[in-house]
Amino acid sequence: MKRIAVLTSGGDAPGMNAAIRAVVRGALYHKLEVYGIERGYEGLINGEIKELSVGSVSDILQRGGTWLKTARSKRFMTPEGFRRALDMLQNFEIEGVVVIGGDGSFRGGLELTKAGITVIGLPGTIDNDLAYTDFTIGFDTSVNTVLSALGNIRDTSSSHERSTVIEVMGRHCGDIALYAGLTGGAESILIPEEPVDMNKICRTLIQGKNRGKMHSIILRAEGVEMSTQELAKTIEERTGMETKVVVLGYIQRGGSPTARDRMLATRMGYKAVELLLEEGMTSKAVGVKGDEIIYYDLEEALNMKGCHDKSLMELAEIMSI
Ligand code: ATP
């Protein structure tokens, strides 16, 4: 393989830039030509493709978001758009593409695979919702952002002696809520993978108050069926405690990546290049298990199910007795 390209697609995540940098520098180190495709699959269709040098990726390691920009592309999912995307890869004689994104972006990569392109998927999403890998790029930064917000909210909620329901991101995966809740000492954590036990939530709050607790934090992952407003209203009605709502929103997606995310992104980015250098390599998804960088066949990785660690939820419950 002589020429490869890298793109970011779907929602942005802190650490994507570190991954781009690792792909570019790793490729150049091994004498590959490397192209950056802007705005994900949409940019590919538009031919927004430029050759990158070592200097192109200077000063991006520490930045949040994605320097290559990202997009969701409906056109890529039409036969005409897809055909144009393939034509563009052919025009530039690009044989391998590193796709940094979530499951949707990987599905797009799978379509390219069927058309003869080798795709290496790097999991770039704050949601940690890809079952084949322990962690995704951006998740750790997002958890730390939530943790810091939780600390601030705790200060004010304890001054006013009230409870606060904090809504965090994660789509159908509760990991951001679980990790931030466990490390931030939330009184209750609600995730989509577990049913809501309203009796228990109210009981924990009342018992805490009886012990002299000045405040309570309830973390709700956005995928939980009961809405944040409804949850706060029910708590207020059933405990008599004033309950506020905070929706953290996009602050969870931004910010400079943590050392852990930069390390993960750098290791995964370089692994993508190593894989593309192997003769006859087929499409893969790169991940991490324990401290080891691993990879699966792209389709196999996409078919894996289940993203939540039950033992952590049990630990969180023990910690909030
Ligand atoms: P995040 O998890 O952060 O939202 P994502 O990669 O899952 O990221 P999506 O919007 O689902 O984000 O997907 C990004 C793009 O990938 C889509 O806009 C579309 O262009 C492409 N894509 C998604 N699903 C498919 C599919 N089944 N076939 C072809 N392309 C797809």
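Quick caveat: nothing in here was measured; it's all calculated off a predicted structure.

Enquirer: It is not clear to me how the overall build of the protein chain should be interpreted in this structure. Could you clarify?
Expert: Looking only at helices and strands, one finds 11 helices and 11 strands in the protein chain. Scaling as 2.2 N^0.38, a compact globule of 321 residues should have a C-alpha radius of gyration of about 20 Å, and the protein chain matches this with 22 Å. Principal axes of the C-alpha set define a box for the protein chain whose edges measure 70 × 35 × 30 Å. Scored against the burial criterion, the 321 residues of the protein chain give a buried share of 49%. Sequence separation of 24 or more characterises 76% of the internal contacts of the protein chain that already satisfy a separation of 6 or more.

Enquirer: Teacher, can you tell me more about the environment of Gly151 here?
Expert: Inspection of the secondary structure assignment puts Gly151 in helix H5 (residues 139–159). A tally of 12 C-beta atoms within 10 Å means that Gly151 is categorised as exposed.

Enquirer: Even after reading the chapter, I still don't get the site of the ligand, so can you show me in this structure?
Expert: Not every one of the 18 residues close to the ligand is listed here, only the nearest: Gly10, Gly11, Gly102, Gly104 and Gly108. The element best represented in the shell around the ligand is helix H4 (residues 103–114), accounting for six residues. A per-class count over the shell around the ligand returns three nonpolar, 10 polar and five charged.

Enquirer: What am I meant to see in the sheet that holds strand S4 (residues 96–101) here?
Expert: The strands that make up a sheet are held in pairs by hydrogen bonds between backbone atoms, and each pair lies either parallel or antiparallel. If you walk across this open sheet you meet the seven strands as S3-S2-S1-S4-S5-S10-S11, and the pairing is mixed. One side of each edge strand has no neighbouring strand; the edge strands of this open sheet are strand S3 (49–51) and strand S11 (292–297). The average angle at which neighbouring strand axes cross in this sheet is 25°, direction not considered. Pairing analysis gives two bridges linking strand S5 (residues 118–123) to strand S10 (residues 284–289), with the strands arranged parallel. Within the sheet, the bridge partner assigned to Gly121 lies in S10 and is Ala285. Lying on the sheet, helix H9 (residues 259–277) is in contact with strand S1 (3–8), S4, S5, S10 and S11; it crosses S5 at an angle near 170°.

Rules behind the numbers
Residues numbered from 1 in each chain as written. Predicted model: local features only at pLDDT ≥ 70, side-chain atom pairs only at ≥ 80, totals over all residues. Helix = DSSP H or I, 4+ residues; strand = E, 2+ residues; numbered from the N terminus. Rg over C-alpha atoms; globule rule 2.2 N^0.38 Å. Buried ≥ 20, exposed ≤ 12 C-beta atoms within 10 Å, placed from the backbone. Contact = placed C-beta atoms within 7 Å. Near = placed C-beta within 6 Å. Nonpolar A, V, L, I, M, F, W, Y, C, P; charged D, E, K, R; others polar. Pairing = 2+ DSSP bridges. Axes fitted to C-alpha atoms, helices over the stretch in contact; angles between N-to-C directions.

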